[in-house]
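Summary of the model geometry
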Amino acid sequence: MSKKISIGSLADFPAGKAKVINVDGISVVINHVDDKFYAVENRCAHLGLPLGANKVDDTVITCPFHGSQFDMCTGENLDWVTGIAGAKLPEWSRKLLAMGKKPMSIKTFNVISENEQLFIEIAT
């Protein structure tokens, strides 16, 4: 079961600019690309650090701390723990930094547009 929560008007989320908002106590990154809206939990699957909205390219969000990349459409991991604070690491050290954690997805949310307003569905 889920509940639909208003997050603002379409104008509050301009195309090409991701934004971090709080929805029912959950930090969420909203992204507007090609007339579609995507929402993911603002939490990297590696160590739970915030993803933020500054490292979003089209529908790919990159963790600013460890470089893990995720597809905002599906939450799927695209690249796992590539570096530290933007500095790329060699393959052997990437495995050390991953600390034994296997690549994981991030949580996505359904975004609904109705009458120039946006809503997000949160599981209850």
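Coordinates for the structure precede this section.
Residues numbered from 1 in each chain as written. Predicted model: local features only at pLDDT ≥ 70, side-chain atom pairs only at ≥ 80, totals over all residues. Heavy atoms only, no water.

1. Quick notes on the state of the cysteines
Two cysteines joined by a covalent bond between their sulfur atoms form a disulfide. Formally: Working definition: a disulfide is two cysteine sulfur atoms within 2.5 Å of each other. Using a 1.4 Å probe on the protein chains alone, a residue whose accessible area is under 20% of its type maximum counts as buried, one over 50% counts as exposed, and one in between counts as partly exposed.
Enumeration over the complete set of coordinates arrives at zero disulfides. Between Cys44, a cysteine without a disulfide, and Cys63, which holds the nearest cysteine sulfur, the sulfur-to-sulfur distance is 3.8 Å. On the basis of relative accessible area, Cys63 is assigned to the buried category, the value being 2%.

2. Digging into the pattern of salt bridges
Quick note on the threshold: Every case where a carboxyl oxygen of Asp or Glu lies within 4 Å of a side-chain nitrogen of Lys or Arg is listed as a salt bridge. Only DSSP runs of H or I covering at least 4 residues are called helices, and only runs of E covering at least 2 are called strands; the numbering of each starts at the N terminus.
Taken as a whole and judged by the stated rule, the model has two salt bridges. In this structure, the salt-bridge partner of Lys4 is Glu114, at a minimum N-O distance of 3.0 Å. On the criterion of sequence distance, the pair formed by Lys4 in strand 1 (residues 2–9) and Glu114 in strand 12 (residues 111–114) is long-range, its members being 110 residues apart. We classify Glu114 as partly exposed; its relative accessible area is 33%.

3. Quick look at a negative patch on the surface
Under the convention used in this document: Exposure above 30% relative accessible area and the absence of a salt bridge qualify a residue for a patch, where like charges join within 9 Å and nonpolar side chains (Val, Leu, Ile, Met, Phe, Trp, Tyr) within 5 Å. To be clear on the numbers: accessible area is Shrake-Rupley with a 1.4 Å probe, and residue cover counts the displayed protein chains and nothing else. A residue counts as positive if it is Lys or Arg and as negative if it is Asp or Glu; His and the chain ends are not included. Where a charge lies is defined by one atom per residue type: Lys uses NZ, Arg uses CZ, Asp uses CG and Glu uses CD.
On the surface, Asp34, Asp35, Asp57 and Asp58 cluster together into a patch of negative charge. For Asp34, the position within the fold is in the loop between strand 3 (26–33) and strand 4 (36–41). A relative accessible area of 66% means that Asp34 is categorised as exposed.

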